[in-house]
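# Descriptive analysis of the structure
The primary structure of each chain is shown beneath.
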Amino acid sequence: MPKLAVWKFASCDGCQLTFLDCEDELLAVAARVEIACFLEASSAPGPGPYDLSLVEGSITTPEDLERIRHVRRVSERLVTIGACATAGGIQALRDFADVKEFAAVVYARPDYIATLDRSTPIAAHVPVDFELRGCPPDRRQLLEVISAFLAGRRPEVPAHSVCVECKARGNACVMVAHGTPCLGPVTQAGCGALCPAFNRGCYGCFGPMESPNHASLNHWMRGLGMSTPELVRIYRTYHATTEPFRRAAEEAQRSGEEFGEEEE
Amino acid sequence: MTHKTVRIGALTRVEGEGALVVHARDGLITTLELRIYEPPRFFEAMLRGRAHTEPPDITARVCGICPVAYQMSACQAIEAACGAEVTGPLRDLRLLLYYGEWIESHALHVYLLHAPDFLGYDSGVAMAADHRDLVERGLELKKAGNELVAAIGGRPIHPVNVRVGGFYRVPSRRELAPAAERLRRARDHALATVAWVAGFDFPDVEHDYRFLALRHPGEYAILSGSIGSGDGRADPAGFAVADWPDHVTEEQVPHSTALHARLDGETGYLTGPLARYALNAARLSPLAREAAAAAGLGPVCRNPYRAIVVRAVEIVHACDEALRLLGGYAEPDRPWVPVEPRPGVGHGASEAPRGTLYHRYRLDEGGLVAEADIVPPTAQNQARIEADLRDLLAPRLGLPEDELALLSEKAIRNHDPCISCSAHFLDFRVSRG
Amino acid sequence: MIGGPHPMTPAPYRVRSRRPDRADTVTLTLEPVRGACPPFEPGQFTMLYAPGVGEIPVSISGRAGSGGYTQTIRAVGAVSAALCGKRPGDVVGLRGPYGQGWSLHAAAGLDVVVAAGGLGLAPLRPVVRALLRHRPGYGRISVIAGSRAPGLLLYSADLACWAGQGADVRVTVDHPDHAWRGPVGLVTDLIDRIVFEPRRTCAFVCGPEAMMCRTAAELVRRGVAPGRVELSLERNMKCAVARCGHCQLGPLFVCEDGPVLRYDRAAPMLAVPEL
Amino acid sequence: MFAGEGDAVDAVVIESLEPLVAGLRAEGYAVVGPVVRERVIRFEEVESADRLARGWTDVQEPGRYRLAEGDAEMVFSFAASPDSAKPYTQPPRQTLLRMRGEHIEEAGQDAPRVALLGLRACDLAAIAVQDRVFLGGRHPDPAYLRRRRALLLIAVNCAVPGGTCFCVSMHTGPKATTGFDLALTELAAPHRFVVETGGERGERIVAALPHRPATAGDLDAAAEVSRGAAERMGRHVDTEGIQERLSAHDSPRWAQVGARCLTCANCTMVCPTCFCSTVEDTTSFTDGTAERIERWDSCFTLGFSEVGGAPVRGSNAGRYRQWLTHKFSTWIDQFGMSGCVGCGRCITWCPVGIDVTEELANLP
Ligand SMILES: Cc1cc2nc3c(=O)[nH]c(=O)nc-3n(C[C@H](O)[C@H](O)[C@H](O)COP(=O)(O)OP(=O)(O)OC[C@H]3O[C@@H](n4cnc5c(N)ncnc54)[C@H](O)[C@@H]3O)c2cc1C
Ligand code: SF4
Ligand code: SF4
Ligand code: SF4
């Protein structure tokens, strides 16, 4: 039976929990794969090597840097799950600040805290076989990835926009109909267009889609009343350091200056 | 002279990353450290400069196990800062959402993380090999909770439908109907769960806890109320959530990225199911009260191992109350109340499944967060867990180390510590000192 | 009256034999589990379905004696690898044959140049065999084939056999090894070496798009009529029955209007970037 | 034979929609009509005519849609909804087959009886386009045919064209002339509907309703509705020489629109004729059964044209050009008809307001 391991780095546990949330399939999966290492769910970690490792969380400490290399060594396939592991996660906002100052805000004795200046995705350190997006990832997509790896096929995880799912789900576009700013057009599908289904603009928790045109979207969202700081903030959340969202925030700052807009 | 070190490298079946190190010399424990090495994520620092609308989504990411708790405490703190309050049907909807998370989180803990300890398995999945029907019941229960959260919030983890002031869209009765259907079955499962776990073989241990939990005049407090504390014998003392900083202080310890909390200067109080039960049992739903009585829980339970029974009773309560609210559900006429940002400070507290979760925000002139402070339950419990462990280990230091390690791990799991959330606790005043 | 099976429903075919051609390429012989397999024209393709993995277009490289298709598949991705991994007795899904094949009839009495790059030889194999079966019906028959390396050459036995049956067979490689004595370089270079009368020549070309365009352009430069040069195009195909939209090239559905297209028709479209 | 292919009979007048809705429901149809949901007119199943979007209208511009209060009496005083008939003719997602061992089984595809109430002339034209795509080629789709046969089409002649409509240019409206079971024209003072039937099925339905013959006055008033709508059409496309204009593959205009285009695929998703699809393959965890699913796809995704690991159309400009040329030009080569019916949905629902009519006008 193939061996599965689940690993955690800096994260909220939500991605691993997504796995435990597959209530209907959990036992079926467990019948097909040996869940050999999953500290959150089992106290008997089996020995490696593992056929498939699911990795949650970003790299933020020197020890974790070592640990991820170990995980790579003992894993035949390594799949990262969630925004932290694929993009550094919300904690990567430290990249835009001084991490020592951050630590000083949170801890009275920041010198006790060993942390890196940046929160980096797993792929920045070791080769990754597949990256599953989402904060948290979608349950169906997680099962799809596991089943695709078992069947030896390409996971069916399209990189197109949220809008595709939004329309297939039968939502009316909230940006067009309500003037609600929405990152759907620049965000990768996967969630099933949840936010628009709840009358809310997508806030980009699945990260950038395959060909995001943030300049055009920013221009339009300004027309809907968004200010430069609002634009910057909306990109600086769970995928802030991915190249497209980083550039999108910078574009907003640049075009904001052109607009002659004052910073908040 | 004998030295002994017990080390549990990585705690398992807890949420997050932790380890335990115990040093003993001549039969006496010299150090006992519950090490939380969950890497720090600096939430309070990241929140500065964000809009007043953002903390519910951002702080949800503190913990994937109880995101709703974070969203609720955050919303209420910000609403308080802005002088707004969510009442009536919208508050009921929040409660419903919260009950969903309780059912999900408690079912996860009871069936997949905690029960295997009593039945002698390494995991829920391993337990399923011999007790498939039991694990399936647990999963069904968990799913009922998740579906309720998803029906209202969009998805079980990091729901998208929560906003300051209420919701982005309120679900229709029809959308909630399937969740209600499933809950009816879940309530029976929950009752069966109480009966099941009540029959476990519990070590005969009691601690003289000082409890802290939210209290509400009309409810077994989950969503809001004031803070109560006491030992379960005398009437509880209380203070308003806004007075939290005057009563609860935190200090950093070198061995952990989580901070230790003190209540009125005293270390080692307990929050969580035992605390809620001790301070609020009378407000459980009648069905949950009956179940508790049948399970042999008195008015107060001081045996941490029996927390699993209290959790099961709380699942009954959550199912029961959720069904009551669903039965009377009418779509609120507006999904949210306006919350205009204004400079000021607001406090919010709610009961996460594993204990009281407190948030405080100061908003600046521009409506942005100037300071944020989050006190999660596990940070509050850490000192108390260490004390439990001392009591447990001191008389047993002669046992082989792996046995000690096993005992300790079980004792830690009693408290369902969510270690990922312990990593960012902050008392802003302390940090500045 | 429209009825019968859905156009996207495959029929089960059993792998009768499997022959590895190269490290990454195998030829499968596929026979219908029930009934007979429909006739095909050289140049047509089928949609092969590896259950649960996916479905891809694959050219028919021959008819098996017993009434099946032979198909040569190179493992480049998940589906092709899954198909390559099938063993005799395994069942796959098959739809087709689909598409327009080579215009054999138009070659009657003419010199024929068959030019292949890499796996492009697969859909050309049945055309060469048909030409040679009716050898007297055509003028000179030349087969020129290119390969990245000698070890990657497809159908070496066939090539030798065709030479014996009166075709001028020439092979070139990009990266020769020590033992290689033949030409090195592009397929287009071989055009110099073969003999044909451009004005009375018909050419069938298959390989990577750039190779096809270069070869066709060279043939036309020599005086072959653009309308007598045919290419077989590769596009993304999900349905092969002109309903999924993926394979469009300008006005064409390559699955139905192709994959074999006349160069005079294809060239202007291939010249447009991203068409 | 589909509706609308027979001879029309004389028009009648009905005063209320309620008997129609009730009658259809009694015949086992789910009646799907325009209702207001989340401040948008959507097509949803209705249990009674009361639920319809009476009294509402809409304001449509490129990238902008707003619901507005209209004439309190009128039920259909708005233009095209974001919903067309497409989800009913071509579901967004459908299971094609299951395979286990050597057994391949076509998934039973539902063909529910649905009465679509309130379709517009452009929607009917779009259905005709899809009929051509799915039934008119060499490989007709029996599942499509079953779904199509189970649809009852009740058109409403547009009175209030939207700001983004251009059906007149595409010769598809505003009056429904063919392809319907019933066509209604809503008239005011007194409020009533002139009903035309498009075949035997429609006649049977009308016969069972309280009705009276239409007078010349009714018919004139109805004709006036369509005339007025044609005059107030929001947009226009010059179809003269359109194929030639769209052969300008190297126009700088493509790069300009490419810079605005989000490649989000909204236009293709809301378009009632866009039929592109892709397939997904899975195996079940429990018994290993393989399953194929067909779902909507779009020429705006990169995977759409991927060969050998790289897309043929990688740039925004290339993908936008594919969409526009396909709709207005190569569709004609492929199917002998335009792929655009002038409903304006792609203009309204483009999140950044790209306007096909403007793009077409700006080509050389
Ligand atoms: C008419 C026609 C006839 C054909 N005849 C044959 C034939 O006879 N024999 C044959 O072997 N093939 C033939 N092909 C080609 C064959 O269909 C393709 O090789 C096949 O579709 C590949 O599918 P796949 O799932 O195996 O690979 P895919 O997963 O689709 O990948 C295909 C290629 O893309 C690369 N790739 C995939 N994903 C990525 C990525 N994310 N980044 C970078 N690169 C990537 C792969 O490495 C590979 O090179 C034909 C094609 C057509 C259209
Ligand atoms: S609501 Fe957002 S995701 Fe949906 S179509 Fe509009 S822009 Fe796209
Ligand atoms: S709509 Fe966007 S923000 Fe919302 S869940 Fe989906 S990807 Fe995340
Ligand atoms: S191209 Fe636009 S206007 Fe034309 S039919 Fe499609 S959505 Fe309607």
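Remember, predicted model here, so these are calculated numbers, not experimental data.

Here we take up the overall build of chain B. Across its full length, chain B carries 14 helices and 15 strands. For chain B, buried positions account for 67% of its 433 residues. In chain B, once contacts between residues fewer than 6 apart in sequence are set aside, the share between residues at least 24 apart is 71%. By element, 49% of the accessible surface of chain B is carried by carbon and sulfur atoms, the whole surface being about 13700 Å².

Moving on, we get to the nonpolar core. The biggest cluster of nonpolar side chains holds 170 residues, and the ones touching the most others in it are Leu54 of chain A together with Tyr98, Leu183, Trp196 and Phe211 of chain B. Top contributing element to this core by residue count: helix α4 (residues 88-119) of chain B, with 16 residues. Discounting residues that sit within four places of it in the chain, Leu54 of chain A has contacts with Leu4, Ala5, Val6, Trp7, Val79, Ile81, Leu142 and Ile146 of chain A.

Residues and elements named next belong to chain B. With respect to the helices and strands, Ser285 occurs in the loop between α9 (273-280) and α10 (286-294). For Ser285, a relative accessible area of 3% translates into the label buried. In this structure, Ser285 is in contact with His317, Asp320 and Glu321, ignoring residues within four places of it in sequence.

In this section: the domain arrangement of chain B. Interface size is commonly expressed as the accessible surface area that is lost when the partners come together. The domain boundaries assigned to chain B delineate domain 1 (3-38 + 386-432) and domain 2 (40-380). Using only C-alpha atoms to locate each centre, domain 1 of chain B and domain 2 of chain B end up separated by 24 Å.

Attention shifts here to the site of ligand 4. Residue and element names in this part refer to chain D. Taken together, Phe166, Cys271, Pro272, Trp323, Lys327, Cys340, Val341, Gly342, Cys343, Gly344, Arg345 and Cys346 make up all the residues around ligand 4. Among the secondary structure elements, those contributing two or more residues to the shell around ligand 4 are α11 (316-335) and α12 (345-348). Considering only residue class, the shell around ligand 4 consists of eight nonpolar, two polar and two charged.

Chain A puts 37 residues into the contact, and the matching count from chain D is 46 residues. In total, chain A and chain D occlude about 3100 Å² of area from one another, counting both sides; carbon and sulfur atoms represent 57% of this. Along the contact surface separating chain A from chain D lie two salt bridges. When the shortest N-O distance is used, the salt bridge between Arg154 of chain A and Glu306 of chain D registers 3.0 Å. Counting every contact that joins chain A to chain D gives 17 residue pairs in polar contact (both at pLDDT 80 or more). At the level of secondary structure, the elements contributing two or more residues to the side of chain A that touches chain D comprise α2 (26-32), α6 (139-151), α7 (162-169), α8 (174-178) and α10 (214-223) of chain A. Take the side of chain A that touches chain D: its biggest share by element is six residues, from α6 of chain A.

Interchain contacts are distributed over five pairs of chains, and the most extensive set of them lies between chains A and B. Between chain B and chain C there is no contact; the minimum C-alpha to C-alpha separation amounts to 27 Å.

Now for the sheet that holds strand β4 (residues 54-59) of chain C. Residues and elements named next belong to chain C. Read from one edge to the other, the open sheet built from seven strands follows the order β4-β3-β7-β1-β2-β6-β5, with strand pairing classed as antiparallel. Every interior strand has two partners, whereas the edge strands, β4 and β5 (62-64), have only one. For this sheet, the mean angle separating the axes of adjacent strands, direction not counted, is 40°. Bridge analysis of strand β1 (residues 11-22) against strand β7 (residues 91-98) gives four bridges, and the strand direction is antiparallel. The residue of β7 that forms the bridge with Tyr13 is Val92.

In the neighbourhood of ligand 3, the contacting residues comprise Thr187, Cys191, Leu194, Cys195, Pro196, Cys202, Tyr203, Gly204, Cys205 and Phe206 of chain A together with Arg155 and Val160 of chain B. What surrounds ligand 3 is not a single chain but chains A and B. Counted by class, the shell around ligand 3 contains nine nonpolar, two polar and one charged residues.

This next bit is on the environment of Arg262 of chain B. Residue and element names in this part refer to chain B. Relative to the assigned elements, Arg262 resides in strand β10 (residues 259-263). As a C-alpha pair, Arg262 and Pro304 span 42 residues in sequence and 20 Å in three-dimensional space. Ignoring any residue separated from it by four or fewer positions in sequence, one finds Arg262 in contact with His247, Val248, Thr249, Glu251, Thr267 and Tyr269. In terms of polar contacts, Arg262 uses its side chain to reach the backbone carbonyl oxygen of Gly265, at 3.0 Å.

Here we come to the packing of α10 of chain A against helix α11 (residues 228-235) of chain A. Residues and elements named next belong to chain A. Close contact between α10 and α11 brings their axes to 10 Å; oriented N to C, the two are set at 135°. For the element pair α10 / α11, the angle class is oblique. Here α10 runs over α11; the crossing is right-handed. Facing α10, whose interface residues are His214, Leu217, Asn218, Met221 and Arg222, α11 presents Thr228, Leu231 and Tyr235.

Our next topic: unusual backbone geometry. Generally, phi is negative for residues other than glycine and the peptide bonds are trans, each holding for most cases. All names here are of chain C. Following Gly96, the chain continues to Pro97 via a peptide bond in cis, the omega torsion being 0°. Examined against the element boundaries, Pro97 turns out to sit in strand β7. Omega for the peptide link from Gly258 to Pro259 comes to 0°, which places this bond in the cis form. Note that Pro259 resides in the loop between α6 (254-257) and β15 (260-262).

Before going further, it helps to spend a moment on empty space enclosed by the protein. Residues and elements named next belong to chain D. Summed over all chains, the structure comprises 18 cavities of 30 Å³ or more. Put simply, the largest cavity is a space of about 140 Å³. As for the largest cavity, its lining consists of 18 residues, and the residues nearest its centre are Cys261, Cys267, Tyr320, Cys350 and Ile354. Elements represented by at least two residues in the lining of the largest cavity include exactly α10 (266-270), α11 and α12.

Looking now at the environment of Glu144 of chain A. Structurally, the position occupied by Glu144 of chain A is in helix α6. C-alpha of Glu144 of chain A to C-alpha of Glu156 of chain A: the two residues are 12 residues apart in sequence and 6.9 Å apart in space. The contacts of Glu144 of chain A, once residues within four sequence positions are left out, are Arg153, Arg154, Pro155 and Glu156 of chain A together with Thr282 of chain D.

All names here are of chain C. Once the domains are mapped, chain C shows domain 1 (11-98) and domain 2 (104-231). Taken together, the contact pairs 15 residues of domain 1 with 13 residues of domain 2. When the area that domain 1 buries against domain 2 is broken down by residue, the three leading residues are Arg22, Pro42 and Ser61, summing to 47%. Summed over the shared surface of domain 1 and domain 2, the result is zero salt bridges. Of all the secondary-structure elements, those providing two or more residues to the side of domain 1 that touches domain 2 are β1, β2 (25-32) and β6 (68-74). Along the lines of polarity and charge, the residues of the side of domain 1 that touches domain 2 split into three nonpolar, eight polar and four charged.

Scoring rules and cut-offs
- Residues numbered from 1 in each chain as written.
- Chains lettered and ligands numbered in written order.
- Predicted model: local features only at pLDDT ≥ 70, side-chain atom pairs only at ≥ 80, totals over all residues.
- Heavy atoms only, no water.
- Helix = DSSP H or I, 4+ residues; strand = E, 2+ residues; numbered from the N terminus.
- Buried < 20%, exposed > 50% of the residue type's maximum accessible area, 1.4 Å probe, protein only.
- Contact = heavy atoms within 4.5 Å.
- Areas by Shrake-Rupley, 256 points an atom, 1.4 Å probe, with all protein chains shown as cover.
- Core = buried A, V, L, I, M, F, W, Y, C linked by side-chain atoms within 4.5 Å.
- Domains from an automatic or database assignment.
- Near = heavy atom within 4 Å.
- Nonpolar A, V, L, I, M, F, W, Y, C, P; charged D, E, K, R; others polar.
- Buried area = accessible area lost by both parts, 1.4 Å probe.
- Salt bridge = Lys/Arg side-chain N within 4 Å of Asp/Glu carboxyl O.
- Polar contact = N/O pair within 3.5 Å; in protein donor to acceptor, adjacent residues only side chain to side chain.
- Pairing = 2+ DSSP bridges.
- Axes fitted to C-alpha atoms, helices over the stretch in contact; angles between N-to-C directions.
- Parallel < 35°, antiparallel > 145°, perpendicular 65-115°, else oblique.
- Left-handed = near helix turned anticlockwise from the far one by under 90°.
- 1 Å grid on protein atoms, 1.4 Å probe; cavity = no way out; pocket = protein on both sides within 12 Å on 5 of 7 lines; lining within 4 Å.
- Points joined across faces, edges and corners; volume = space filled by probe spheres on them.

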